Structure formats: structure tokens, C-alpha cells
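# Report on the structure
Chain by chain, the residues run as shown.
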Amino acid sequence: MSDLLERLRGRGWRMTAQRRVVAEVLDGEHVHLTADEVHARAVVKLPEISRATVYNTLGELVSLGEVVEVSTDKRAKRYDPNAHRPHHHLVCARCGSIRDVHPTGNPMADLPASERFGFTVSDVEVTYRGLCPDCAAAV
């Protein structure tokens, strides 16, 4: 389970009703919602929340490093609250669903020095692609 709300409280982030609702919508495991999906879920909890407020709050959470923007292919950006535990993503090539995965090993160590071309590597993003069980069953 994501600990987004607790992390934000610990930072002293001013928790307005709108910010709280956006954080609640994002809180959880395997959460990778688009901004529009966040807005749709937030409106259920707080009908007066605007799309602009959702976008602004998401931008602020990304700037704080509490949420990560995930881009897969040419689909809309998604927002991942699992920003403090290293992980990779498993993406369905058909429906676009995303799951967090935590394979063993160190991807930073998997790149041999001869393949770094003098780069100082600071981050690794790994995306596994395939079909989710629902999409695979429909084939």
C-alpha cells in the first residue's frame, strides 16, 4: 500500500480538502491513473473540485518527488505514488494497464562498463510489455 498521505503529512504539506482528495485517489498499490482518471475519482469525493486543481496538484506532487509521471508509448501520462521504492513497470500492450514489479537483481549493475560509453548512470527505467490476463484471454 502506498504511504502517500503519510509522506505528505510528514513534509508539512498544506492539506486542503482538494489536495487531500487528490492524494487519497492516488494512494494505493499499483496505482497509475491519468489526470482525467484522478479528476473523475476526485469529483465523486468532492464534487466541486476542478480539473485545473487536479492538474496543479499533480504537478506539485511530481515537483515534490512524491509522485512519478509514467509515460508508456503514446498514451496519456500516468501518475505513480510509489515514488520512494525502486521498481519497474509491466504494461499491457493492448489495454495499457500497468503493474509495479520488483524483480531481484540490480539493473544499474547489469549494464557493463563497456556499454556505458563514459556515462555516469544515475537512474534506470525498465518497462516490461506483454498482454494482461484479460487481454490475453480475448485473443
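This text goes with the structure placed above it.
Quantities reported herein were computed from a predicted structural model and do not represent experimental measurements. (Residues numbered from 1 in each chain as written. Predicted model: local features only at pLDDT ≥ 70, side-chain atom pairs only at ≥ 80, totals over all residues. Heavy atoms only, no water.)

### Remarks on the sheet that holds strand β3 (residues 88-92)
- As summarised here, the arrangement of the 3 strands in space is β4-β3-β5, forming an open sheet in which the pairing is mixed. Whereas interior strands pair on both sides, the edge strands pair on one side only; in this sheet they are β4 (98-101) and β5 (127-130). In this sheet, adjacent strand axes meet at a mean angle of 25 degrees when their direction is disregarded.
- As judged from the 4 bridges shared by β3 and β4, these two strands associate in the antiparallel manner. (Pairing = 2+ DSSP bridges. Helix = DSSP H or I, 4+ residues; strand = E, 2+ residues; numbered from the N terminus. Axes fitted to C-alpha atoms, helices over the stretch in contact; angles between N-to-C directions.)

### Some words on the pattern of salt bridges
- Within this structure, the stated rule accounts for 10 salt bridges.
- When the shortest N-O distance is used, the salt bridge between D3 and R7 registers 2.6 Å.
- Note that E69 and K77 form a salt bridge whose closest N and O atoms lie 3.7 Å from each other.
- Taking the relative accessible area as the measure of exposure, K77 reaches 44% and is therefore partly exposed.
- Here the residues in one salt-bridge network are D3, R7, R11 and E66, joined through shared partners. (Salt bridge = Lys/Arg side-chain N within 4 Å of Asp/Glu carboxyl O. Buried < 20%, exposed > 50% of the residue type's maximum accessible area, 1.4 Å probe, protein only.)

### Focus on the packing of helix α2 (residues 17-26) against helix α4 (residues 51-64)
- Remark: α2 packs on α4, axes separated minimally by 10 Å, with the N-to-C direction vectors making an angle of 70 degrees. The angle between the axes of α2 and α4 places the two elements in the roughly perpendicular class. Between α2 and α4 the crossing geometry is right-handed. From α2, Q18, R19, V22 and L26 reach across to α4, where they touch T53, V54, T57, L58, E60 and L61.
- A per-class count over the contact of α2 with α4 returns 5 nonpolar, 3 polar and 2 charged. (Parallel < 35°, antiparallel > 145°, perpendicular 65-115°, else oblique. Left-handed = near helix turned anticlockwise from the far one by under 90°. Contact = heavy atoms within 4.5 Å. Nonpolar A, V, L, I, M, F, W, Y, C, P; charged D, E, K, R; others polar.)

### With respect to the layout of surface pockets
- Estimated volume of the largest pocket: approximately 580 Å³.
- Lining of the largest pocket is provided by 24 residues; of these, P86, H87, D123, V124 and E125 occupy positions nearest its centre.
- Looking at the lining of the largest pocket, the elements that each hand over two or more residues are β1 (68-70) and β3.
- Sort the elements by how many residues they give to the lining of the largest pocket and β1 lands first, with 3 residues. (1 Å grid on protein atoms, 1.4 Å probe; cavity = no way out; pocket = protein on both sides within 12 Å on 5 of 7 lines; lining within 4 Å. Points joined across faces, edges and corners; volume = space filled by probe spheres on them.)

### Concerning the nonpolar core
- Core analysis: the largest hydrophobic core is formed by 21 residues, its most contacted members being V22, L26, V38, L58 and L61.
- For this core, the elements supplying multiple residues, two or more each, are α1 (4-10), α2, α3 (35-45) and α4.
- The leading source of residues in this core is α2, at 5 residues. (Core = buried A, V, L, I, M, F, W, Y, C linked by side-chain atoms within 4.5 Å.)

### Notes on the environment of T120
- As for its position among the elements, T120 is in the loop between β4 and β5.
- For T120, a relative accessible area of 74% gives the class exposed.
- Expressed as a C-alpha distance, the spacing of T120 and C132, which sit 12 residues apart in the sequence, is 35 Å.

### Examining the pairing of β4
- Taking every second residue as pointing to the same face, the buried face of β4 carries I98 and D100, while none of R99 and V101 on the other face is buried.
- Connecting the antiparallel pair β3 and β4 is a turn made up of 5 residues, with G96 showing a positive phi of about 85 degrees.

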